[in-house]
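Report on the structure
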Amino acid sequence: MPALEDLIELLETAHGIFRKEKAVVSVNSPCVMFIGDIHANIKALEFILEIKKNSGCDTLVLLGDYVDRGPNSIAVLSKLLKLKIAQPEKIVLLRGNHETKEMNISYGFFHDLDFNDDLLEFSSTVFSEIPVAAVVNNNIFCVHGGIPGPVNIRTITKEDAFEYLWNDPSSVSGITPSARGIGPKCFGEDIFIRFLQENRLSCMIRGHSALKQGYEWWFGRKLLSIFSTPEYCGYSNNGAFAILKDGEMDIHVFGYDFHNNKYTLLSTSEGGSAHGNIIK
Ligand SMILES: [Mn+2]
């Protein structure tokens, strides 16, 4: 188990990298792997990274929510920061709503920091510099939660990230209240389509929602929601991650094999071409 001293060092180095990154980072690669919420599940993260080794993908986009709600916040965060430090351009870490002090106090990370206030403050400072969103190959918008409206992505700042970390898609049009409470909002298909047009983008990939099959398509397959932690908080769900290779998007679903005591791939579904009629 990684020590807290190691984590502090990693946070210090990563801080310098995050500070130099813009609120919205641009990524270009013929092969990109997308990972949703990990929530302190080191075994799920290791399983996915093992598959990445054989995938030919050089670029990883993680959609946030690395810590809290699982047993291994320190191990997951340490692993991801190490990867980021080794290849800052190829490993894109986005900020989730659990990369915030408010959530960390109540959902596990603070406990794992041995209730060290200074360390909580320092991680919170580092988290506040993590980019809010990424644009992959000039057409795929990646964010943890969603959008606050049909905004131009050039207006996104790290200081005003709240709704990007918290919002959810909805079958109701417009911007509507969220069951998550006061603050977060839901965005309908009309808002989403205007957002894509405003920014000349074709689709969105986001995390934030725990999903039975690990993924869900919205809005005529223009929005993909993925969640990468199976058996989340005792819920019997699968996890999923996506691989975009030469314009084709495949979604891989994995789950826990209780007989062999390990994660296993369950299915691969073709999401279709990122430049064709399915997710365009
Ligand atoms: Mn979340």
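What this report covers is the structure whose coordinates are included nearby.

For the pair helix 1 (residues 4–20) and helix 6 (residues 117–127), the least separation of the axes is 9 Å and the interaxial angle reads 30°. Looking at the two axes, helix 1 sits roughly parallel to helix 6. As helix 1 runs across helix 6, the sense of the crossing is left-handed. Side by side, helix 1 and helix 6 meet where Leu4, Ile8, Leu11, Ala14, His15 and Phe18 of the first sit next to Leu119, Phe122, Ser123 and Val126 of the second.

Residue position: Arg69 is located in the loop between strand 3 (59–62) and helix 3 (73–86). Spatially, the C-alpha atom of Arg69 lies 26 Å from that of Phe141, the residues being 72 residues apart in sequence.

Here the focus is the pairing of strand 14 (residues 248–257). Two strands pair when backbone bridges link them, and strand 13 (residues 239–245) and strand 14 are joined in this way by seven bridges, in the antiparallel orientation. The residue bridging Ala242 from the neighbouring strand is Ile251, located in strand 14.

Another point: the nonpolar core. Counting 74 residues, the largest nonpolar core has Phe34, Val61, Val76, Leu94, Cys142 and Ala242 as its most contacted members. Per element, the largest residue contribution to this core is six residues, and it comes from helix 3. Once you skip the residues sitting within four places of it in the chain, Val61 turns out to touch Val27, Val32, Phe34, Val92, Ala134, Val136 and Cys142.

Now for the sheet that holds strand 6 (residues 140–143). In spatial order, the strands read 1-5-6-10-12-11; together these six strands make up an open sheet with mixed pairing. If you trace the sheet from one side to the other, it starts and ends with strand 1 (24–27) and strand 11 (215–218), each paired once. Across this sheet, the average inter-strand angle for adjacent strands is 20°, counted without regard to direction. Pairing between strand 11 and strand 12 (residues 223–226): four bridges, direction antiparallel. Bridge pairing links Trp218 to Leu223 in strand 12.

This paragraph deals with unusual backbone geometry. Even without being glycine, Asp114 reaches a positive phi, approximately 55°. Mapped onto the fold, Asp114 is located in the loop between helix 5 (109–112) and helix 6. Positive phi values are uncommon outside glycine, yet Asn137 reaches one of about 50°.

Reading across from one edge, 7-9-8 is the order of the three strands in this open sheet, with mixed pairing throughout. Edge positions in the open sheet fall to strand 7 (168–169) and strand 8 (175–178), since each of these has one partner strand only.

For Tyr256, the location among the structural elements is in strand 14. Considering only alpha carbons, one finds Tyr256 and Tyr232, 24 residues apart in sequence, at a separation of 11 Å. If we ignore the near neighbours within four places in the chain, the residues touching Tyr256 are Pro230, Glu231 and Tyr263.

Quick notes on the rules
Residues numbered from 1 in each chain as written. Predicted model: local features only at pLDDT ≥ 70, side-chain atom pairs only at ≥ 80, totals over all residues. Axes fitted to C-alpha atoms, helices over the stretch in contact; angles between N-to-C directions. Helix = DSSP H or I, 4+ residues; strand = E, 2+ residues; numbered from the N terminus. Parallel < 35°, antiparallel > 145°, perpendicular 65-115°, else oblique. Left-handed = near helix turned anticlockwise from the far one by under 90°. Contact = placed C-beta atoms within 7 Å. Pairing = 2+ DSSP bridges. Core = buried A, V, L, I, M, F, W, Y, C linked by C-beta atoms within 7 Å. Buried ≥ 20, exposed ≤ 12 C-beta atoms within 10 Å, placed from the backbone.

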